[in-house]
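What the coordinates show
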Amino acid sequence: MTLTLSYSNPSLKGTIQVPGDKSISHRAIMFGSMAAGTTTVEGFLLGDDCLSTISCFRKLGVDIELTGKSVTIKSAGEESWQEPSEVLDTGNSGTTTRLMLGLLAGTSFHSVMAGDESIAKRPMKRIINPLREMGADIRGRQDGQYTPLAIQGTKLQAINYTLPVASAQVKSAILLAALKAEGKTVITEPVPTRDHTEIMLEHFGATLTKRNDGAIELEGGQKLKAAHVQVPGDISSAAFMIGAALITEQSEVLLTNVGSNPTRTGILDVIKQMGADVDWTERAVEGEPSADLTIRSSKLKGIEIGGELIPRLIDEIPLIALIATQAHGTTIIKDAEELRVKETDRIAAVVAELSKMGADITATDDGMVINGPTALNGADMKTYGDHRLGMMAAVAALAAEGEVHIDDPDCIAVSFPNFVEQMNSLIN
Ligand code: S3P
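Reference entry: report on the structure contained in this document. Because the structure is predicted, anything quoted here is derived from the model rather than measured. (Residues numbered from 1 in each chain as written. Predicted model: local features only at pLDDT ≥ 70, side-chain atom pairs only at ≥ 80, totals over all residues. Heavy atoms only, no water.)

Our focus in this paragraph is the site of the ligand. Close contacts around the ligand come from Lys22, Ser23, Arg27, Thr95, Arg98, Ser167, Ala168, Gln169, Arg194, Ile314, Asp315 and Lys342, and that covers them all. Take Ser23: an N or O atom from its side chain is 2.7 Å from an oxygen atom of the ligand. The contact in question runs from an oxygen atom of the ligand to an N or O atom on the side chain of Asp315, over 2.7 Å. Against a free-state accessible area of 380 Å², the protein chains account for coverage of 94% of the ligand. (Near = heavy atom within 4 Å. Polar contact = N/O pair within 3.5 Å; in protein donor to acceptor, adjacent residues only side chain to side chain. Areas by Shrake-Rupley, 256 points an atom, 1.4 Å probe, with all protein chains shown as cover.)

This is the structure:
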């Protein structure tokens, strides 16, 4: 069903608690299912992706109870997982598919994983190659590049591995497999990526070492202990509210308890450099850090974004491209070729959709170039089934003259259920 949005000089005011962090919510379910005992999770993201993770672990026999945003996981440890009699459906979730490969590779049973149309196009060899080096037996289309994937659990050996791409999903899948492997695994990243897996491993009682050269060492055979996980708000969801406040007139929005792990806060560095009016107050740290953020309408300028910053804001690039259309000057985004293999090709999709609205935006091999400011007009926007393209279109509607039609707004529920209602609730 198409969603129509039309605004006339909107101004956003008020306070929002954005939903729980997607990356941390997935990991809380996985770690709680691995650990013997009762794990409790608060602030869990009730997005479709994280619900896919819950459904997969239930099929492995783990007792998972969901009450509002609280989750209780009762597990007798991963040795108690049972061979699933059905396909594990990972929906639209790359994180579920990739991290679970690392977990399923070292079991003693057979399992099959498959997701939706988008998952079927996403590269899996980046995970399967290192897991095969560890001894994993995984098969799929094109030698395991694409789902459905069949995993025959087996004994794993530790590896010494340098990631060919900056990917927290690859790093995490290897770390999870390494927990069960024989020997010490050493992982080196080309550029630091989000470290939620490392933080949560320690929180559940595992020991890992971060070497001075940035490499991570993990000794195999470690057992996790059940824990309590407090999930902060997702900065990748907050980004769309930040964008909404920045590009509208006379707006001031308070976003409470937003995750502020430094491996994720590239968006804040970018908007500050673009000239945004933003205040940031850190809360007390318990596990993952979080902060309260006040954001006001701002006159923005174009900047260049690339290098080590990219993994710290990879999911925010559709939103950054949108705000760059309203900034004075040229914004260049480079070193972001990973966008080509996200939920959709986000370079092609962002350029196609913002161009329809009148933006001056050009695709490059590894990013895009945006000249601003340009007035935006109403248009028929496609989401490509990608939640972040859907939210980008909804925020763009705030600045557009005329009606914006969004073809598949339901996909937004992957990471931010009720996003449009929440955004509209701030408009006075
Ligand atoms: C994620 C890692 C990133 C990110 C994704 C979530 C994670 O993917 O884009 O939304 O939870 O580890 P890559 O590892 O492919 O960069």
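Right, let's get into a nonpolar patch on the surface. A surface patch of nonpolar side chains, about 200 Å² in accessible area, is lined by Leu46, Leu51 and Leu66. Counting through the fold element by element, Leu51 comes out in helix 2 (residues 48-59). What makes Leu51 partly exposed here is its relative accessible area of 32%. (Patch = residues over 30% accessible without salt bridge, like charges linked within 9 Å, V, L, I, M, F, W, Y side chains within 5 Å. Salt bridge = Lys/Arg side-chain N within 4 Å of Asp/Glu carboxyl O. Helix = DSSP H or I, 4+ residues; strand = E, 2+ residues; numbered from the N terminus. Buried < 20%, exposed > 50% of the residue type's maximum accessible area, 1.4 Å probe, protein only.)

Using the criterion set out here, one finds four aromatic pairs in the structure. Ring centres of Phe57 and Trp81 lie 5.5 Å apart, and the angle between their planes is 70 degrees; this geometry places the pair in the edge-to-face category. In this pair, Phe57 sits in helix 2 while Trp81 sits in the loop between strand 5 (70-76) and strand 6 (88-89), placing the two residues 24 residues apart along the sequence. Grouping residues by exposure puts Phe57 and Trp81 together as buried. Plain terms: the ring middles of Phe240 and Phe419 are 6.2 Å apart, the flat faces sit at 75 degrees to each other, and that makes the pair edge-to-face. Of this pair, Phe240 sits in helix 8 (residues 235-246) while Phe419 is found in helix 13 (residues 419-425), placing the two residues 179 residues apart along the sequence. The same class applies to Phe240 as to Phe419, namely buried. (Phe/Tyr/Trp six-rings, centres within 6.5 Å; stacked < 30°, edge-to-face > 60°.)

Here the focus is the sheet that holds strand 3 (residues 36-42). The four strands lie next to each other as 4-5-3-14, forming an open sheet whose pairing is mixed. At either end of the open sheet lies a strand with only one pairing partner, and these are strand 4 (63-67) and strand 14 (228-230). The average angle at which neighbouring strand axes cross in this sheet is 15 degrees, direction not considered. Sheet topology note: the strand 3/strand 5 ladder contains six bridges and is antiparallel. Looking across to strand 5, one finds that Ala36 is bridged to Ala76. Of the strands in this sheet, strand 3, strand 4, strand 5 and strand 14 are in contact with helix 1 (residues 22-34), which crosses strand 5 at around 30 degrees. (Pairing = 2+ DSSP bridges. Axes fitted to C-alpha atoms, helices over the stretch in contact; angles between N-to-C directions. Contact = heavy atoms within 4.5 Å.)

This brings us to the environment of Gly94. When you line up the elements, Gly94 lands in helix 3 (residues 94-104). For Gly94, a relative accessible area of 5% gives the class buried. Considering only alpha carbons, one finds Gly94 and Phe44, 50 residues apart in sequence, at a separation of 18 Å. With residues near it in sequence (within four places) discarded, Gly94 still touches Ile119, Arg122 and Gln169.

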